[in-house]
Amino acid sequence: MGTEARARLGLIALLFVAFLSFSQVFGDGGYQGPALLGMLLAGGISVASRRLRLPAPAAVGISIAALAWYVALVFEPSATLHGLPTPAAYGNLGSDLADALRHSNVDYAPVPLRTGYVALTVIGLWLVTAAAETATFRWRRPLAASLPVLALFTFALVVGTRAIAPVYVVLFLVTLLAYWGFEWTHRLRSWGRWVPTWEHQKEEQPSSMSGITASLARKMGAGCVAAALFAPILLPGGDGIFAWRDGGNGNGPAVGAGGRIDPLVSIAPQIISQSGSVLFTVTADQASYWRLTTLGHFDGTSWTQVGGEDSGLSGDSIPASAPDEAVSAVAQTYSIKALNADYLPAAPTPTSLHFVGFDQRSQIKTNPGTGDLLFEGFVQNLDYDVTSVVSEPTYKQLSKAAVGDPGAVYIEHPKLSPEVLRLLGRWTSGSSTALAKLVAVQSHLRHFRYSLTSRQVVGGQLASTDYLTKFLTKTRRGYCQQFATAFALLGRELGYPTRVVVGFLPGTRTGGNGTRSAFQVKGTDAHAWPEVYFRGYGWVQFEPTPRADVPATPPTYTKIPKSQLAIGTGTQVGGPTGGKNGAGGPGGAAGAGQRKNISAAFEGRLSAGRKSGTRSQPSAGAPQWQAAFARLAIGLGALALLVLVVIPLLKLGRARRRYAHASGPRDKTVAAFMDFQDEATDMISPRGHSESAPVYVRRVTERRRVPGRDALRLATLYEVAEYGPGGVGEDIATEARRLAGTLKSGLWRSASWWERVLRLFSPRGLTRS
């Protein structure tokens, strides 16, 4: 294989790794076909333009025109006329791209197979392939060729799932260094044959792969890869780019590490990733959920805090809206060890706070509506006492309580899909009270599956605005954030004010002193749960999450007494009814039709950006273009297979036609030499215009193990037949054909696999001939 072929293979490997990296972006297959075919077309157009000696502007224009035709043909086949794009095709494609950009605000990897996302991937890989080929072989600038590939690869890893990102990084580094090494070898060869890029190499084809520059390049490449992989271990790190050394969450011994709690709670997977290290200890009159912050505003994707003016403390007193009915005071003493948060944990609802040791009340801000303790300082190594007013109603008391009105923000919610509404109706059918309906929802959710690895993949679609429908009717598994969000939104649909709280489970009991118990709270105790507002009792906690790793049991007031069950309230406390998915099964109503977005606010933003009359983009827009691409791929595949079959047949028929058309000994002798020359052209080098037959034969025999005497004899017979005054006899023609066959067999036996491939399938030999 020549140096140019090696450089091209190095570039192909580099581009292929960038292509594979987008598997970290898409949740399901489908982008590979259009992207890979686009890369092949882009590279082929660049190679052909350079071989035809077209100027760079013309090559760029042809490539962009081909790209525009390709994306329209693949993604908008219904708007093409006999394979030619129409203005409507590009208008629809523009809508697809704009829709993808709008959804990118809420979609996260692995993203759904939206038409716009796949089209953008195809366009990016096409442009990067064309730019890299042009920069490498036209401009001879390998670093310039590497930059767009590096940018695209980095983008895929940044927005992707990063599931096996280290593997991709190693592959990219190896292929990048191999490409640089091969390209530099090719450039050195272009400077002249005297440059010894490979040991024992006389011409382009090396007889040994352990060359001077190749050996040096391998050592330099291995050193660079080793430095990239192991240097971070020796460098200081914390919560930044080197946090992977601490188990992926920045909880190691480095400065700034610790149990960082993200208050963001979303129906989309946003796992609160915590280690098993102890974050704080608490001694209290009773076990409780230790809350950090409350979130009441839902934007269709995530929960945020309800706006309000925070105030400071007046002495030890905390201004908070405490419940009136069935309350008891709970005293707690906290010792913060490694908690990294903006809020202090406390049982609901805190009414007084006292710091042990240094007085830090000036750094506390609290919201009277929530009682959250915002701490403006460093939480580590902090001790304080808290007294909270906790409501402890019974099932009977809550059944008679009226639903309160803490504010309109706590009942606002996006429009739920018909599947979710039908499911909610079945779950709460027969429930006569607000509490009974909420308990029914809690009971059904607790029959779902708790999983920290759920990716919410349903039919290849992963849109953030579809999660509630998919969670309730398809996957039926998730973690506390999703359970809390689902309960809160279903509660709001029933008309009850709800909110979501982020904090910790009670933790592990480690002992006690009299009436007080000591609890050790770890990062794995991080939790999110919903609360519902009842008049007189304030915000009442519910527990829909079926955690098994750290038990999260429902409150006692949500357990329906047997007497209530005997009356026949219709409330189901067992598993959900219907199909195995609790919604009529995969073929039921909940699984039929296209899922609607749950986020009215988000859809409002999308609608505002759409022009009137623009077609709507379905969430599962892939099938149409996938079918179109399948037809195109089958057609091009059949054409490629036909070409691979036709070229060897044409080359075989070329030699036979020569001999068949030879009318005498002279023509047969010339045909024999031309047959050998065609073989040598495909497998070694073409004959120059000014080269005589003997000179060409000597050059060929120097580079391949073919009998020099036989080759020179064939060249001599050719010259005698072509230019001799007396001509040649039939015996000379027979000898020439025998020599041509022997030399061709010798060339094939001594050829590499690459030369044999070129011999069989390269059309260059046909054009030269």
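Keep in mind that what you see is a predicted model, and the values were worked out from it rather than measured.

*Asks:* Which residues make up the side chain of threonine 428, and what are the values?
*Replies:* Along the chain, the position of threonine 428 falls in helix α10 (residues 418-428). A relative accessible area of 10% means that threonine 428 is categorised as buried. If sequence neighbours within four positions are ignored, threonine 428 has contacts with Lys437, Val441 and Leu494.

*Asks:* Lay out the pattern of salt bridges with the relevant residues and their values.
*Replies:* Throughout the structure, instances matching the rule amount to 19 salt bridges. Put simply, arginine 658 and aspartate 678 hold a salt bridge, and the shortest N to O gap is 2.6 Å. A residue pair is termed long-range when its members are at least 10 positions apart, and arginine 658 in helix α16 (residues 622-661) and aspartate 678 in helix α17 (residues 665-683) qualify at 20 residues. Grouping residues by exposure puts arginine 658 and aspartate 678 together as buried. A salt bridge links lysine 668 to glutamate 730; its shortest N-O distance comes to 3.2 Å. One end of the pair, lysine 668, is in helix α17; the other, glutamate 730, is in helix α20 (residues 730-750), with 62 residues separating them in the sequence. The partly exposed category is assigned to glutamate 730, whose relative accessible area is 40%. Each member of the salt-bridge network shares a partner with another, and the members are Glu4, Arg8, Arg50, Arg51 and Glu133.

*Asks:* Provide a residue-level description of the pairing of strand β19 (residues 516-522), including the pertinent values.
*Replies:* Relative to β19, strand β5 (residues 278-284) runs antiparallel, the two sharing six bridges. Bridge pairing in β19 links phenylalanine 280 to valine 521. Connecting strand β18 (residues 508-513) to the antiparallel partner β19 that follows it, the hairpin turn spans two residues, and glycine 514 within it adopts a positive phi of roughly 70 degrees.

*Asks:* Please give an account of the nonpolar core that cites residues and values.
*Replies:* One finds Phe22, Phe26, Tyr70, Phe75, Val118 and Val149 to be the most contacted residues of the largest nonpolar core, which totals 52 residues. Contributions of two or more residues to this core are made by α1 (3-21), α2 (32-51), α3 (56-75), α4 (87-103), α5 (115-137), α6 (142-159), α7 (165-191) and α16. The biggest single contributor to this core is α5, with eleven residues. Of all hydrophobic cores here, the second largest spans 43 residues; its members include Tyr450, Phe471, Phe487 and Val502.

*Asks:* Tell me about a nonpolar patch on the surface, residues and numbers included.
*Replies:* Judged by side-chain polarity, Leu9, Ile12, Leu644, Trp753, Val757 and Phe761 come together as a nonpolar surface patch covering roughly 550 Å² of accessible area. Those elements that provide at least two residues to the nonpolar patch are α1 and α21 (753-761). It is α21 that provides the largest number of residues to the nonpolar patch, a total of three residues. Examined against the element boundaries, phenylalanine 761 turns out to sit in helix α21. For phenylalanine 761, a relative accessible area of 32% puts it in the partly exposed group.

*Asks:* Could you give me a rundown of the sheet that holds β19, with the residues and numbers involved?
*Replies:* Strands in a sheet are paired, the pairing made by backbone hydrogen bonds, and the direction either parallel or antiparallel. What the six strands build is an open sheet, ordered β11-β14-β9-β5-β19-β18; its pairing is antiparallel. Whereas interior strands pair on both sides, the edge strands pair on one side only; in this sheet they are β11 (350-355) and β18. Going across the sheet, the axis of each strand differs from the next one's by a mean of 25 degrees, ignoring polarity. Of the pairings in the sheet, the one linking β18 to β19 comprises five bridges and is antiparallel in character. Directly across from arginine 509, in β19, lies its bridge partner phenylalanine 519.

*Asks:* Hey, could you go over the sheet that holds strand β21 (residues 538-541) for me, with residue numbers and the actual values?
*Replies:* Strand order in the open sheet formed by four strands is β6-β17-β20-β21, with antiparallel pairing between adjacent strands. The two strands at the open ends of the sheet, each matched to only one other strand, are β6 (290-295) and β21. Adjacent strand axes in the sheet meet at a mean angle of 40 degrees, parallel and antiparallel pairs treated alike. Across five bridges, β6 lies against strand β17 (residues 498-504) in antiparallel orientation.

*Asks:* If you had to explain the packing of aromatic side chains to someone new, which residues and values would you point to?
*Replies:* One pass over the structure, following the stated rule, counts 23 aromatic pairs. Ring plane angle 65 degrees and centroid distance 5.6 Å describe the contact between phenylalanine 448 and phenylalanine 471, whose orientation is recorded as edge-to-face. Remark: phenylalanine 471 occurs in helix α12 (residues 467-475) and phenylalanine 448 occurs in the loop between α11 (434-445) and β15 (449-450); sequence separation between them is 23 residues. Taking relative accessible area as the criterion, phenylalanine 448 reaches 6% and is therefore assigned buried. Residue phenylalanine 471 is classed as buried on the basis of its relative accessible area, which comes to 0%. Members of the aromatic cluster, joined through ring pairs, are Phe280, Trp290, Tyr334, Phe355, Phe375, Tyr384, Phe504 and Phe519. Here arginine 8 stacks its cationic end above the ring of phenylalanine 137, 4.2 Å away from the centre of that ring. Sitting above the plane of the tyrosine 659 ring, arginine 737 keeps its charged end 3.8 Å from the centroid.

Reading the values: the criteria
- Residues numbered from 1 in each chain as written.
- Predicted model: local features only at pLDDT ≥ 70, side-chain atom pairs only at ≥ 80, totals over all residues.
- Heavy atoms only, no water.
- Helix = DSSP H or I, 4+ residues; strand = E, 2+ residues; numbered from the N terminus.
- Buried < 20%, exposed > 50% of the residue type's maximum accessible area, 1.4 Å probe, protein only.
- Contact = heavy atoms within 4.5 Å.
- Salt bridge = Lys/Arg side-chain N within 4 Å of Asp/Glu carboxyl O.
- Pairing = 2+ DSSP bridges.
- Core = buried A, V, L, I, M, F, W, Y, C linked by side-chain atoms within 4.5 Å.
- Patch = residues over 30% accessible without salt bridge, like charges linked within 9 Å, V, L, I, M, F, W, Y side chains within 5 Å.
- Areas by Shrake-Rupley, 256 points an atom, 1.4 Å probe, with all protein chains shown as cover.
- Axes fitted to C-alpha atoms, helices over the stretch in contact; angles between N-to-C directions.
- Phe/Tyr/Trp six-rings, centres within 6.5 Å; stacked < 30°, edge-to-face > 60°.
- Lys NZ or Arg CZ within 6 Å of the ring centre and 35° of its normal.

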